[in-house]
Amino acid sequence: DSGVTQTPKHLITATGQRVTLRCSPRSGDLSVYWYQQSLDQGLQFLIQYYNGEERAKGNILERFSAQQFPDLHSELNLSSLELGDSALYFCASSVEVGGWTGGADTQYFGPGTRLTVL
Amino acid sequence: GENVEQHPSTLSVQEGDSAVIKCTYSDSASNYFPWYKQELGKRPQLIIDIRSNVGEKKDQRIAVTLNKTAKHFSLHITETQPEDSAVYFCAASKRYSTLTFGKGTMLLVSP
């Protein structure tokens with residue numbers, strides 16, 4: 001157990017719908033990262049937040065958005081869902097000792113949310 | 001941006017053999033290189049990492065070597081066991097940038 005929690009574990013929805021994925025980082029971690037992993041694909045970085053502020057953006061679609069709240073949990077919002085959005089979505093967190101160091105710090109992954117769009 | 005190439009994409013070994021997975025990176029400023037193991041449907045788990053001030057790091061049957069000049073790093077697993085079967089991802093990053101992952105290597109260890 002990495003200490004990172006994600007809810008829900010599974011989500012099944014229809015095309016055109018909107019869903020929200022939730023992540024709670026490890027205690028003391030200030031950075032949260034979101035990744036998408038499609039079938040037989042690697043880990044695609046979506047977005048990073050550090051202490052409530054957006055720090056880095058990867059291949060995140062405009063239909064997707066995220067935020068990090070004062071208690072440091074984060075939510076990833078996916079809207080106008082398409083079949084191709086079906087994937088495993090992982091959240092990771094890192095402590096960022098000494099302030100934000102970007103990705104050069106150990107990241108611990110949550111168990112993921114499996115999204116199925118029908 | 002950073003580009004990480006990982007080889008091979010699939011590796012089959014017999015139990016007890018050694019396995020080596022290699023990664024190359026493009027940004028000479030990268031200084032952090034973690035390796036993750038991912039079992040089917042599970043989360044990626046950090047198994048070992050190395051920073052650029054070290055050339056080699058070992059943890060029981062797992063070791064990572066780093067060649068900064070050639071910009072490549074490798075994962076070595078000795079005395080492989082069936083439970084080592086999984087997908088392994090390498091990654092690279094530098095300060096103020098995010099991790100860039102390789103595409104993964106599926107390791108199959110046959111009894």
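The following refers to the structure shown. (Residues numbered from 1 in each chain as written. Chains lettered and ligands numbered in written order. Predicted model: local features only at pLDDT ≥ 70, side-chain atom pairs only at ≥ 80, totals over all residues. Heavy atoms only, no water.)

This paragraph deals with the overall build of chain B. A count of helical and extended segments in chain B gives zero helices and eleven strands. Shown N-terminal to C-terminal, the secondary structure of chain B runs as helices and strands in the order β-β-β-β-β-β-β-β-β-β-β. Taking 2.2 N^0.38 as the reference for a compact globule, 111 residues should give roughly 13 Å; the C-alpha atoms of chain B span a radius of gyration of 13 Å, in line with that estimate. Burial analysis of chain B (111 residues in total) assigns 46% to the buried set. For chain B, contacts bridging at least 24 residues in sequence account for 53% of all contacts bridging at least 6. Counting every atom, chain B has about 5600 Å² of accessible surface; 47% of that belongs to carbon and sulfur. (Helix = DSSP H or I, 4+ residues; strand = E, 2+ residues; numbered from the N terminus. Rg over C-alpha atoms; globule rule 2.2 N^0.38 Å. Buried < 20%, exposed > 50% of the residue type's maximum accessible area, 1.4 Å probe, protein only. Contact = heavy atoms within 4.5 Å. Areas by Shrake-Rupley, 256 points an atom, 1.4 Å probe, with all protein chains shown as cover.)

Moving on, we come to the overall build of chain A. Of the regular secondary structure elements, chain A holds zero helices and eleven strands. The C-alpha atoms of chain A give a radius of gyration of 13 Å, which matches the 13 Å a tight globule of 118 residues would have. Along the first, second and third principal axes, the C-alpha set of chain A runs to 45 × 30 × 25 Å. Per-residue burial over chain A gives 54% buried out of 118 residues. Considering only residue pairs separated by 6 or more positions, chain A has 58% of its internal contacts joining residues 24 or more positions apart.

What follows concerns the state of the cysteines. Residues and elements named next belong to chain A. All told, the structure shown has two disulfides over all chains when counted by the stated rule. One disulfide in the model links C23 with C91; its S-S distance is 1.7 Å. Its S-S torsion of approximately -45° makes the covalent link between C23 and C91 left-handed. Of the two residues, C23 sits in strand β3 (residues 19-24) while C91 sits in strand β9 (residues 87-94), which places them 68 residues apart along the sequence. Among the residues examined, C23 registers a relative accessible area of 0% and is labelled buried. (Disulfide = S-S within 2.5 Å.)

Attention now moves to the interface of chain A and chain B. Contacts between the two partners involve 22 residues from chain A, matched on the other side by 21 residues from chain B. For the pair chain A and chain B, the summed buried surface comes to about 1700 Å²; carbon and sulfur atoms form 58% of the total. Where chain A packs against chain B, one counts zero salt bridges. Linking chain A with chain B are four residue pairs in polar contact (both at pLDDT 80 or more). (Buried area = accessible area lost by both parts, 1.4 Å probe. Salt bridge = Lys/Arg side-chain N within 4 Å of Asp/Glu carboxyl O. Polar contact = N/O pair within 3.5 Å; in protein donor to acceptor, adjacent residues only side chain to side chain.)

To continue, consider the nonpolar core. Inside soluble globular proteins, nonpolar side chains tend to come together where they are buried. All names here are of chain B. Formed by 24 residues in total, the largest nonpolar core has its most connected members in W35, F73, L75, Y88 and L107. Secondary-structure elements contributing two or more residues to this core are β2 (10-14), β3 (19-25), β4 (32-38), β5 (45-51), β7 (62-67), β8 (72-77), β9 (86-92) and β11 (105-110). Those residues in contact with Y88, other than ones at most four positions away along the chain, are Q6, I21, Y36, K37, I47, L75, I77, G104, T105 and L107. (Core = buried A, V, L, I, M, F, W, Y, C linked by side-chain atoms within 4.5 Å.)

Residue and element names in this part refer to chain A. An order of β1-β3-β8-β7 is seen for the four strands of this open sheet, with the pairing classed as antiparallel. Only two strands of the sheet have a single partner each, and these edge strands are β1 (5-7) and β7 (64-68). Averaged over all neighbouring strand pairs, the angle between strand axes comes to 15°, with direction disregarded. (Pairing = 2+ DSSP bridges. Axes fitted to C-alpha atoms, helices over the stretch in contact; angles between N-to-C directions.)

Moving on: the pairing of strand β4 (residues 31-37) of chain A. All names here are of chain A. Most of β4 is tucked away: seven of the seven residues are buried. Burial along β4 is two-sided: the residues S31, Y33, Y35 and Q37 and V32, W34 and Q36 are all buried. As paired strands, β4 and strand β5 (residues 44-50) are joined by six bridges and run antiparallel to one another. Following the sheet pairing, S31 is matched in β5 by Y50. Pairing of β4 with β9 involves seven bridges; the strand directions are antiparallel. What sits directly across from V32, in β9, is S93.

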